[in-house]
Amino acid sequence: MSLNKVMLIGNVGVDPTVRYLESGAQGPVAGAKVATIRLATTERYRDRGGELRENTEWHTVVAWRNSADYVEKFVHKGSQIFVEGRLRTRQWTDQSGAARYSTEVVADTLQILGRKPDGAGQAQGAAPAGFSQPQGFAPQQPVGPAPADEGDDMPF
């Protein structure tokens with residue numbers, strides 16, 4: 001058994017790039033739409049001297065087909081997003097003939113977090129069409145006080 005799963009919450013560093021693969025390509029990716037996102041995740045901690053330190057990691061996230069459509073419409077520089085997917089490492093040859101490697105997160109689930117910058121649009125907690133909410137997600141509903149049981153004076 002094996003598991004290849006990645007979950008990230010971070011901020012988009014630059015506007016995503018969206019492109020179409022060449023229609024002459026072979027296989028199921030021919031003519032497919034692909035979006036590439038540069039996502040920053042930052043770890044904050046205190047060192048032994050008590051000073052606050054930050055370590056930022058940059059991730060390349062790739063979204064295909066319908067997910068690429070949603071990324072193109074809703075994800076912009078500064079957006080905070082949740083990405084769930086899997087790691088993929090590709091090998092390619094650069095212009096000088098040297099073998100190069102690139103590790104990417106292939107997105108299975110994308111969700112925009114936080115509010116829309118202009119405050120317009122959707123209700124708080126709602127995701128754009130095509131973006132999924134985590135399983136079991138339900139917006140919080142206000143809860144009133146519990147009805148009093150007049151026949152019992154026990155505090156619990």
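Chains are numbered independently. Their residues run from 1 in the order of the written sequence. Residue-level local features of this predicted model are given only where pLDDT is at least 70; pairs of side-chain atoms are given and counted only at 80 or more, and the full residue set underlies all totals for whole chains, interfaces and linings. As a rule here, side-chain values cover all heavy atoms of the structure and leave hydrogens and water aside.

1. Section: the overall build of the chain
Numbered from the N terminus, helices here are DSSP runs of H or I no shorter than four residues, and strands are runs of E no shorter than two. For the chain, the helix and strand inventory stands at one helix and six strands. What you see in the chain, going N to C, is helices and strands ordered as β-β-β-β-α-β-β. For every residue, the accessible area obtained with a 1.4 Å probe (protein chains only) is divided by the maximum for its type, and the residue is called buried under 20%, exposed over 50%, and partly exposed between those limits. Within the chain, buried positions represent 24% of all 156 residues.

2. Thoughts on the pattern of salt bridges
Salt bridge criterion: a side-chain nitrogen from Lys or Arg within 4 Å of a carboxyl oxygen from Asp or Glu. Here the structure, examined in full by the defined rule, presents nine salt bridges. A salt bridge links Lys33 to Glu72; its shortest N-O distance comes to 2.5 Å. Linking Lys33 in strand β3 (residues 33–46) with Glu72 in helix α1 (residues 65–74), this pair joins segments that are 39 residues apart in sequence. The class of Lys33 is buried, set by a relative accessible area of 10%.

3. Structural notes on the nonpolar core
For the purposes of this section, nonpolar cores are sets of buried Ala, Val, Leu, Ile, Met, Phe, Trp, Tyr and Cys residues that join through side-chain atoms within 4.5 Å. The biggest cluster of nonpolar side chains holds 16 residues, and the ones touching the most others in it are Leu39, Val61, Val71, Ile81, Val83 and Leu110. Where this core is concerned, the elements lending two or more residues are β1 (6–12), β3, β4 (52–64), α1, β5 (80–93) and β6 (99–113).

4. Description of unusual backbone geometry
Located in the positive-phi region is Arg65, a residue other than glycine, with phi close to 45 degrees. Note that Arg65 resides in helix α1.

5. Some remarks on the environment of Asp69
Mapped onto the elements, Asp69 comes out in helix α1. Taking relative accessible area as the criterion, Asp69 reaches 24% and is therefore assigned partly exposed. On a C-alpha basis, the gap between Asp69 and Val18 in space is 8.6 Å, while along the polypeptide they are 51 residues apart. We call two N or O atoms a polar contact when they sit within 3.5 Å, provided that within protein one can donate a hydrogen and the other can accept it, with sequence-adjacent residues counted only if both atoms are side-chain atoms. A polar contact of 2.7 Å, which involves the side chain of Asp69, links it to the side chain of Lys33.

6. A closer look at the pairing of β1
Bridge count for β1 against β5 is six bridges, and the pairing is antiparallel. Opposite Leu8, over in β5, you have Val83 as the bridge partner. When DSSP finds two or more bridges between two strands, those strands count as paired.

7. Quick word on the environment of Ser102
Looking at the secondary structure, you find Ser102 in strand β6. When its relative accessible area of 19% is taken as the criterion, Ser102 is described as buried. Between the C-alpha atoms of Ser102 and Thr89, which are 13 residues apart in sequence, the distance is 5.5 Å. Residue contacts are defined here by distance: any two heavy atoms, one from each residue, within 4.5 Å place the two residues in contact. Ignoring anything within four residues of it in the chain, the contact list for Ser102 reads Arg88, Thr89, Arg90 and Trp92.

8. Notes on the side chain of Thr41
Here Thr41 is to be found in strand β3. A polar contact of 2.8 Å, which involves the side chain of Thr41, links it to the side chain of His59. In this structure Thr41 touches Leu8, Ile9, Gly10, Asn55, Thr56, Glu57 and His59, once residues within four positions along its chain are discounted.

9. Focus: the side chain of Glu84
Position of Glu84 relative to the elements: it lies in strand β5. What makes Glu84 buried here is its relative accessible area of 18%. Side-chain polar atoms of Glu84 contact the side chain of Lys5, separated by 2.5 Å.

10. Quick notes on the confidence of the model for the chain
On a range of 0 to 100, pLDDT expresses the predictor's confidence in each residue. Chain-level statistics for the chain give a pLDDT mean of 79 and a share of 68% at 70 or above. Mean pLDDT in the chain bottoms out at α1, which sits at 93, and peaks at β1, which reaches 97. Counted against residues more than four places away or in other chains, residues 119–149, with its pLDDT under 50, gives 25 contacts.

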